[in-house]
Amino acid sequence: MGTEAVSEAADGVAERRREQRGWYYYDWANSVFSTSVITVFLGPYLTEIAKAAADSDGYVYPLGIPVRDGSYFAYVVSASVLLSVLVMPLAGAVADRTGRKKPILAVSAYLGAGATACMFFLDGDRYLLGGALLILANVAYAVSVVVYNAFLPQIALPEERDAVSSKGWAFGYAAGALVLVANLALFLGHEALGVTEGTAVRICLASAGLWWGVFTLVPLRRLRERPGAVPAAQARPSLGGGWRQLITTFKEMRRYPLTLMFLLAYLLYNDGVQTVISQASVFGSEELGVDQTTLIGAILLVQVLAMAGALLLGRLAQTYGAKHTILGSLVAWTATVTGGYFLPAGEALWFFALAGSIGLVLGGTQALSRSLFAQLVPKGKEAEYFSLYEVSDRGTSWLGPLVFGVTYQLTGSYRDAIISLVVFFVLGFLLLLRVPVRRAAEAVGNVVPGRI
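Criteria and thresholds
Residues numbered from 1 in each chain as written. Predicted model: local features only at pLDDT ≥ 70, side-chain atom pairs only at ≥ 80, totals over all residues. Heavy atoms only, no water. Helix = DSSP H or I, 4+ residues; strand = E, 2+ residues; numbered from the N terminus. Rg over C-alpha atoms; globule rule 2.2 N^0.38 Å. Buried < 20%, exposed > 50% of the residue type's maximum accessible area, 1.4 Å probe, protein only. Contact = heavy atoms within 4.5 Å. Areas by Shrake-Rupley, 256 points an atom, 1.4 Å probe, with all protein chains shown as cover. Lys, Arg positive; Asp, Glu negative; His and termini not counted. Charge placed at Lys NZ, Arg CZ, Asp CG, Glu CD. 1 Å grid on protein atoms, 1.4 Å probe; cavity = no way out; pocket = protein on both sides within 12 Å on 5 of 7 lines; lining within 4 Å. Points joined across faces, edges and corners; volume = space filled by probe spheres on them. Nonpolar A, V, L, I, M, F, W, Y, C, P; charged D, E, K, R; others polar. Phe/Tyr/Trp six-rings, centres within 6.5 Å; stacked < 30°, edge-to-face > 60°. Lys NZ or Arg CZ within 6 Å of the ring centre and 35° of its normal. Salt bridge = Lys/Arg side-chain N within 4 Å of Asp/Glu carboxyl O. Axes fitted to C-alpha atoms, helices over the stretch in contact; angles between N-to-C directions. Parallel < 35°, antiparallel > 145°, perpendicular 65-115°, else oblique. Left-handed = near helix turned anticlockwise from the far one by under 90°.

Q: Could you clarify how one ought to interpret the overall build of the protein chain in this entry?
A: Helix and strand counts for the protein chain stand at 17 helices and 2 strands. In terms of C-alpha radius of gyration, the protein chain reaches 22 Å, essentially the compact-globule figure of 22 Å for 452 residues. Oriented by its inertia axes, the alpha-carbon framework of the protein chain measures out at about 75 × 45 × 40 Å. Per-residue burial over the protein chain gives 54% buried out of 452 residues. Taking the contacts inside the protein chain whose residues are at least 6 apart along the sequence as the reference set, 84% of them involve residues at least 24 apart. Accessible surface, the protein chain as shown: approximately 19,400 Å² in total, 64% of it carbon and sulfur. Computing the positive centroid from 34 side-chain charges and the negative centroid from 31, the protein chain places the two 12 Å apart.

Now the structure itself:
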């Protein structure tokens, strides 16, 4: 190889690394929304606002529909998920058809960040404003993540994707932990700072939006566009074109049954993951009797260890391949959930042990699932396929909570409810075990790395 060729190759590697570093920063930017806003602060605060607006029977009336004040937040989240399921595939189709991922990423990210920052104005009885901002922020977040994930196969070679995806997740968990520590310091010390508890919460919510918006500038500057599925002169970003492309994609997916099989496996085990995350605090407070301080500390522990776990499982994937590492993580999930069934009540140390176990496998399972799916996506269809990947996350996340809730209703035991989630990890494991991922990657025309 001549000197010029070597120089060009080095320049290509440097440019790819620069894009990857920029890509990590969108995980860094948006993770504070899911951590500080969705997981910690907004649910209790919006519920209090709904209670302030409720009538004597405890009901509010959005769009004239009677809703119990304590159910308002859950219903708004459900509405945002349903709208996301409708919008994400369309946005993905438009992104792939036009090749203009960065404008869609920018618009969706700043709509979400702006809506989150505007949560500062939630006070009194403005529950309708809170619901509208939450729906806008959550839908915009979903669309931005679809486009963000679609960059992964374009900025990383097949053998790099596990490591790149893992670093992205690690960046996200690091940011979530950092901002959550600052927010909790403000929240717990609000009296010393001379602000009310409500004002402290509103500052925490708004700060997440500002963080999201500021750090989104990094990927927007460093990522570059690739040609779309149709010539640039014909690639007008229209809704009609997006729908036609989406219909074509659904028809074409029948040609790739192994990719669909992986999606189904992911649907199953990820539903278990999401339900454990969402119900662990309920299990801790109601069944184990741990206090709010312990719950907050456990959330922080999960964030920190999920960062380390993402990097650790990323390294394991380099040796054993992503599929086998995910399968190992599902065994760990099964053991963790089973161990939770036997935890003694009132023992904070054991609850921290449960949180630590969750954290160690959480980040790696998510990161490697993303990178493995990137190997199974046809070139030029990244955003469309990742929209279906996100739909399987958001659109079916009702199944785990339903099993959890029905089990509790029938048995009256949160221990029985938590152990019922083992079925998702076992079925997901068995289905993923049957997916020949190397053959699936070859079927969509991708170069297969040495270990997958």
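Q: Looking at this model, I keep getting lost on unusual backbone geometry. Mind explaining?
A: Excluding glycine, a negative phi dihedral is what most residues carry, and trans is how most peptide bonds are arranged. Of note in this structure, L63 is not a glycine but carries a positive phi near 55 degrees. With respect to the helices and strands, the residue L63 is situated in the loop between β1 (59-60) and β2 (67-68).

Q: What am I meant to see in the layout of surface pockets here?
A: The gaps of empty space that remain are located by a probe, the size of a water molecule, rolled over the atoms. The calculated volume of the second largest pocket comes to roughly 510 Å³. The element best represented in the lining of the second largest pocket is helix α1 (residues 3-53), accounting for 4 residues. In terms of residue class, the lining of the second largest pocket is made up of 9 nonpolar, 6 polar and 10 charged.

Q: Which parts of the structure should I look at to understand the packing of aromatic side chains?
A: One pair of aromatic rings is described through two measures. These are the centre distance and the angle between the planes. Taken as a whole and judged by the stated rule, the model has 28 aromatic pairs. With a centroid separation of 5.2 Å and 40 degrees between ring planes, the pair formed by F33 and W212 is classed as tilted. With F33 in helix α1 and W212 in helix α7 (residues 197-222), this residue pair connects regions lying 179 residues apart in the sequence. Centre to centre, the rings of F373 and F386 are 5.2 Å apart; their planes meet at 80 degrees, and the pair counts as edge-to-face. One end of the pair, F373, is in helix α12 (residues 348-375); the other, F386, is in helix α13 (residues 382-394), with 13 residues separating them in the sequence. Residue F373 shares its accessibility class with F386, and that shared class is buried. Put simply, the rings of W23, Y24, Y25, Y26, W28, Y148, F171, W211 and F215 pair up and form one aromatic cluster. The ring of F120 carries R202 above its face, with NZ or CZ at 4.7 Å from the centroid.

Q: Even after reading the chapter, I still don't get the pattern of salt bridges, so can you show me in this structure?
A: Side chains bearing opposite charge may pair, as long as their charged atoms lie close to each other. Tallied over the entire structure, the rule returns 9 salt bridges. Among the ionic pairs, E19 bridges to R224, the shortest N-O distance being 3.4 Å. Separated by 205 residues along the polypeptide, E19 in helix α1 and R224 in the loop between α7 and α8 (239-252) bring together distant segments of the chain. Judged by relative accessible area, R224 falls into the partly exposed class, the value being 42%. Across the pair E287 and R415 runs a salt bridge whose closest N-O atoms are separated by 3.3 Å. With E287 in helix α9 (residues 257-287) and R415 in helix α15 (residues 414-419), this pair connects stretches of sequence that are 128 residues apart. With relative accessibility at 23%, the residue E287 sits in the partly exposed group. Each of R16, R17 and E160 takes part in a single network of salt bridges with overlapping partners.

Q: How do you make sense of the packing of helix α6 (residues 161-188) against α7 when you look at a structure like this?
A: Relative orientation and spacing of two packed helices are given, respectively, by the angle between their axes and the distance between those axes. It is the contact of α6 with α7, at a shortest axis distance of 9 Å, that shows an interaxial angle of 160 degrees. The angle between the axes of α6 and α7 places the two elements in the roughly antiparallel class. Note on packing geometry: the crossing formed by α6 with α7 is right-handed. In contact with A175, L178, V179, N183, L186 and F187 of α6, α7 contributes E197, A200, V201, I203, C204, S207 and W211. Here the contact of α6 with α7 is built from residues that sort into 10 nonpolar, 2 polar and 1 charged.

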